[in-house]
Amino acid sequence: MEILIKYFDDEIDKLCYVEGKSDWIDLRAAKEVVLKKGEFALIPLGVGMKLPQGYEAHVVPRSSTFKNFGIIQTNHQGVIDSSYCGDDDQWFMPVLAVRDTKICKNDRICQFRIMENQPKLTFVQTDVLGEVNRGGHGSTGKQ
């Protein structure tokens, strides 16, 4: 599948798909960001894409993002739909700093994958689901 990509910054590394390692693709900060504990920022990722109709991108932190930078993605998972594809539609990562931190330009801070949209659903109301109860929220225990 080919994806049209626009780079908003020539200094960040180009995206690449690493065959056999992971189907998640790393995204990089497109500018240096310095944050104090408790501050919010929209970190530009330096890319925009034209996703195929019927697909969306899921953007999440890398497993080391919190440890390395002390930031939390505020929407926990970004969903970029195929209509976000204009010439000025750069991708961003909204973050909250839990400690003073510095993110350098070109640091890998998040990752994405492209997913097929959820199929159209129809909800049918019922009073009985007809299955065995699991015991409610948290019923599988701690271990």
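My aim in this report is to walk through the structure given alongside it, one point at a time. Every value quoted in this text rests on a predicted model; they were computed, and no experiment measured them.

Section: the packing of aromatic side chains
Under the criterion given, the structure shown has one aromatic pair. Taking the centre distance of 5.2 Å and the plane angle of 90° together, the rings of Trp-91 and Phe-112 count as edge-to-face. On the criterion of sequence distance, the pair formed by Trp-91 in the loop between strand E8 (78-81) and strand E9 (92-97) and Phe-112 in strand E11 (residues 108-116) is long-range, its members being 21 residues apart. By relative accessible area, which is 0% here, Trp-91 ends up buried. Given a relative accessible area of 2%, Phe-112 falls into the buried group. The cationic tip of Lys-14 hangs over the ring face of Tyr-7; the distance from NZ or CZ to the ring centre is 4.2 Å.

Looking at the sheet that holds strand E7 (residues 71-73)
Strand order in the open sheet formed by three strands is E4-E9-E7, with antiparallel pairing between adjacent strands. Both outer strands of the open sheet, strand E4 (40-44) and E7, are each paired with one neighbouring strand and no more. Averaged over all pairs of adjacent strands, the angle between their axes in this sheet comes to 40°, without regard to strand direction.

What to know about the pattern of salt bridges
Taken as a whole and assessed by the stated rule, the structure comprises seven salt bridges. With a shortest N-O distance of 2.3 Å, Asp-23 and Arg-113 are connected by a salt bridge. Highlighted residues: Asp-23 in the loop between strand E1 (4-7) and strand E2 (25-28) and Arg-113 in strand E11, separated in sequence by 90 residues. The class for Arg-113 is partly exposed, based on a relative accessible area of 23%. The closest approach of N and O atoms between Glu-32 and Lys-102, which form a salt bridge, is 3.7 Å. With Glu-32 in the loop between E2 and strand E3 (33-35) and Lys-102 in strand E10 (residues 101-103), this residue pair connects regions lying 70 residues apart in the sequence. In this structure Lys-102 comes out as partly exposed when scored by relative accessible area, which is 45%. Each of the salt bridges in this network shares a partner with another, and the network as a whole consists of Asp-9, Glu-11 and Lys-105.

Calculation notes
Residues numbered from 1 in each chain as written. Predicted model: local features only at pLDDT ≥ 70, side-chain atom pairs only at ≥ 80, totals over all residues. Heavy atoms only, no water. Phe/Tyr/Trp six-rings, centres within 6.5 Å; stacked < 30°, edge-to-face > 60°. Helix = DSSP H or I, 4+ residues; strand = E, 2+ residues; numbered from the N terminus. Buried < 20%, exposed > 50% of the residue type's maximum accessible area, 1.4 Å probe, protein only. Lys NZ or Arg CZ within 6 Å of the ring centre and 35° of its normal. Pairing = 2+ DSSP bridges. Axes fitted to C-alpha atoms, helices over the stretch in contact; angles between N-to-C directions. Salt bridge = Lys/Arg side-chain N within 4 Å of Asp/Glu carboxyl O.

So far we have only geometry, and geometry alone does not tell us how the molecule works.
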